[in-house]
Amino acid sequence: MSNSLDLATIILPEDIKLKLEALDDVKLLTSNSETYIDFDDDVQIDLDKIFDIHSQVKYINVIFERIITEVFGGHEIIIINPKCKIYKNPQNIEIYVQGLLNNQNIELVFSKNTTLKYQLNDGFSFSNLTNTVPIISNLNLDKAELIISNDDHNYLHQELGNINLSKGLNFIGDIDLQTIPKNLSKFIYEYLEISNLAGLININSTGKISLTGHIAGQRYLFSQPPLQADFNNLLLELNIDSDLQPRFGLTGNLTLQGYDPSQEDEPKLFLAGNLSLEPESLTAYFCQQGEKTWHNPYGLNGTELRNLRFQGGGTYLPPYFDNFGFIGDLRWEEIDIEVAFLIDTNDPQRLALVLTVNQPVSLKELWKGPDTSFIEKQAGYFFCFRKCTG
């Protein structure tokens, strides 16, 4: 090898190492170069020696073995029509090997973060591989590919952009969400109008399984004029730890409008948080973004509300959400009050108010303050006053 290349810094299959050492000249290329070195012979690789595809968690280890057997036929694979390119970036050297396996494209990148990318057959189904993992076992993937990684790291995917690969097996493809449990499926498919999405499924050697998918566009969460809550920049997430208990949810931004019937043209509220999808219930929790305050909320004259949090709850029966509320820090002159507004979703004009003072204040002084203006403006109200002790 005329070009000095230290192959000792990279874990390589012996077959590839011998082929590279036998070359008369090796050119270091840029990462986007399409110039490859053709190998004369097929390349044999032991996946277990490169990736150590094992887990201390028994059911994960069973899944690993089943997938490797079903997808590759075993740990020993033979790549036909192999070709190679080598390039050096400021951090390390990377060696790309491409070819065919079972008439499907396969690519290995040997570097600090070694990966294998393999194109799977159309209509890939997890039901053929495992029946022990809730939700995941029922999923089908279209345009599916498998990426095996030797560690956890960020990876730039051609279609999904930056994604997080786990040490273990990572599946990418279009996920059919209509195969998930009925309550979740009905809410996601009918209410949010999402039937499938491009996503990532990680099966980590530590025993964690996760699903992540970005939902483009805006989805309304709740609409009962004048109150409207809209989702945007949504991320659907499913996490399953070694206890095999699924935690399903949506993370993203929430835009609220028409939230204060005591005011006209109040500014939109922008919040960030998540919607947790439990087997029988829905729970939303979002926090305000930025420092902007809400002046005179619900007719509390001379006040401003900061550090706003929004909560909502419901079931999978229409209209899904049956309660909403705001929690925040209310400032009236020199008095700081923790306040909670509870909203009747069937009639957003109906409100309940709970105040908790954070410092000593006389009831007479408080009654002369913001509560009076609130009560004067509300019909059918419920009012509760609490004093903090401690």
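Remember, predicted model here, so these are calculated numbers, not experimental data.

K.L.:
Got a minute to help me understand the nonpolar core in this structure?
P.N.:
If you look at soluble globular proteins, the nonpolar side chains tend to sit buried side by side. Residues Phe 72, Phe 171, Phe 187, Phe 321 and Phe 326 are the most contacted members of the largest nonpolar core, which totals 104 residues. It is helix 3 (residues 58-72) that provides the largest number of residues to this core, a total of eight residues. Counting six residues, the second largest nonpolar core, distinct from the first, contains Ile 163, Leu 165, Ile 172 and Leu 200.

K.L.:
Can you help me understand the packing of aromatic side chains in this one?
P.N.:
Geometrically, a pair of aromatic rings is defined through the distance of the ring centres and the angle of the planes. Tallying each qualifying case throughout the model produces 13 aromatic pairs. Both rings, one in Phe 126 and one in Phe 171, keep their centres 4.9 Å apart while their planes meet at 75 degrees; by these two values the pair is edge-to-face. Remark: Phe 171 occurs in strand 11 (residues 168-176) and Phe 126 occurs in the loop between strand 7 (124-125) and strand 8 (140-149); sequence separation between them is 45 residues. Its relative accessible area of 1% is what places Phe 126 among the buried residues. Residue classification places Phe 171 among the buried residues on the basis of a relative accessible area of 1%. Taken together, a centroid distance of 4.7 Å and an interplanar angle of 85 degrees make the contact between Tyr 259 and Trp 294 edge-to-face. With Tyr 259 in the loop between strand 15 (246-257) and strand 16 (269-277) and Trp 294 in strand 18 (residues 294-295), this pair connects stretches of sequence that are 35 residues apart.

K.L.:
Is there a simple way to explain the pairing of strand 11 in this structure?
P.N.:
Side-chain direction in a regular strand flips from residue to residue, so the side chains alternate between the two faces of the sheet. Most of strand 11 is tucked away: seven of the nine residues are buried. In this sheet, strand 11 lies alongside strand 8 in antiparallel orientation, the contact comprising seven bridges. Looking at the pairing, Ile 148 lines up with Leu 169 of strand 11. Bridge count between strand 11 and strand 12 (residues 196-204): nine bridges; the pairing is antiparallel. In the sheet register, Gly 168 faces strand 12, and the bridge partner there is Asn 204.

K.L.:
Hey, could you run me through the environment of Phe 270 in this one?
P.N.:
Tracing the sequence through the fold places Phe 270 in strand 16. With near-sequence residues (within four places) excluded, Phe 270 lies in contact with Leu 254, Thr 255, Cys 287, Gln 288 and Gln 289.

K.L.:
Help me understand the side chain of Asn 204 in this model?
P.N.:
Structurally, the position occupied by Asn 204 is in strand 12. Classification of Asn 204 as buried rests on a relative accessible area of 8%. Leave out the neighbours within four places in its chain, and Asn 204 touches Ile 60, Phe 64, Asp 152, Ser 166 and Lys 167.

K.L.:
Just checking my understanding: could you explain the layout of surface pockets for this structure?
P.N.:
Regions of empty space are outlined by a rolling probe, equal in size to a water molecule, passed over the atoms. Size it by volume and the second largest pocket reaches roughly 440 Å³. Lining the second largest pocket are 24 residues, and of these Asn 164, Leu 200, Asn 202, Leu 211 and Thr 212 sit closest to its centre. Put simply, the parts of the chain that give the lining of the second largest pocket at least two residues each are strand 10 (161-165), strand 12, strand 13 (209-224) and strand 14 (227-240). Looking at the lining of the second largest pocket element by element, the count peaks at six residues for strand 13. Taken together, the residues of the lining of the second largest pocket sort by class into nine nonpolar, twelve polar and three charged.

K.L.:
Which parts of the structure should I look at to understand the pattern of salt bridges?
P.N.:
Any two side chains of opposite charge can pair, on the condition that their charged atoms come close. What the rule picks out here adds up to six salt bridges. Its salt-bridge partner being Arg 306, residue Glu 304 comes within 4.0 Å of it at the nearest N-O pair. Judged by its relative accessible area of 23%, Glu 304 is partly exposed. The partly exposed category is assigned to Arg 306, whose relative accessible area is 29%. Connected via shared salt-bridge partners are Glu 304, Arg 306, Arg 331 and Asp 336.

The rules behind each value
- Residues numbered from 1 in each chain as written.
- Predicted model: local features only at pLDDT ≥ 70, side-chain atom pairs only at ≥ 80, totals over all residues.
- Heavy atoms only, no water.
- Core = buried A, V, L, I, M, F, W, Y, C linked by side-chain atoms within 4.5 Å.
- Buried < 20%, exposed > 50% of the residue type's maximum accessible area, 1.4 Å probe, protein only.
- Helix = DSSP H or I, 4+ residues; strand = E, 2+ residues; numbered from the N terminus.
- Phe/Tyr/Trp six-rings, centres within 6.5 Å; stacked < 30°, edge-to-face > 60°.
- Pairing = 2+ DSSP bridges.
- Contact = heavy atoms within 4.5 Å.
- 1 Å grid on protein atoms, 1.4 Å probe; cavity = no way out; pocket = protein on both sides within 12 Å on 5 of 7 lines; lining within 4 Å.
- Points joined across faces, edges and corners; volume = space filled by probe spheres on them.
- Nonpolar A, V, L, I, M, F, W, Y, C, P; charged D, E, K, R; others polar.
- Salt bridge = Lys/Arg side-chain N within 4 Å of Asp/Glu carboxyl O.

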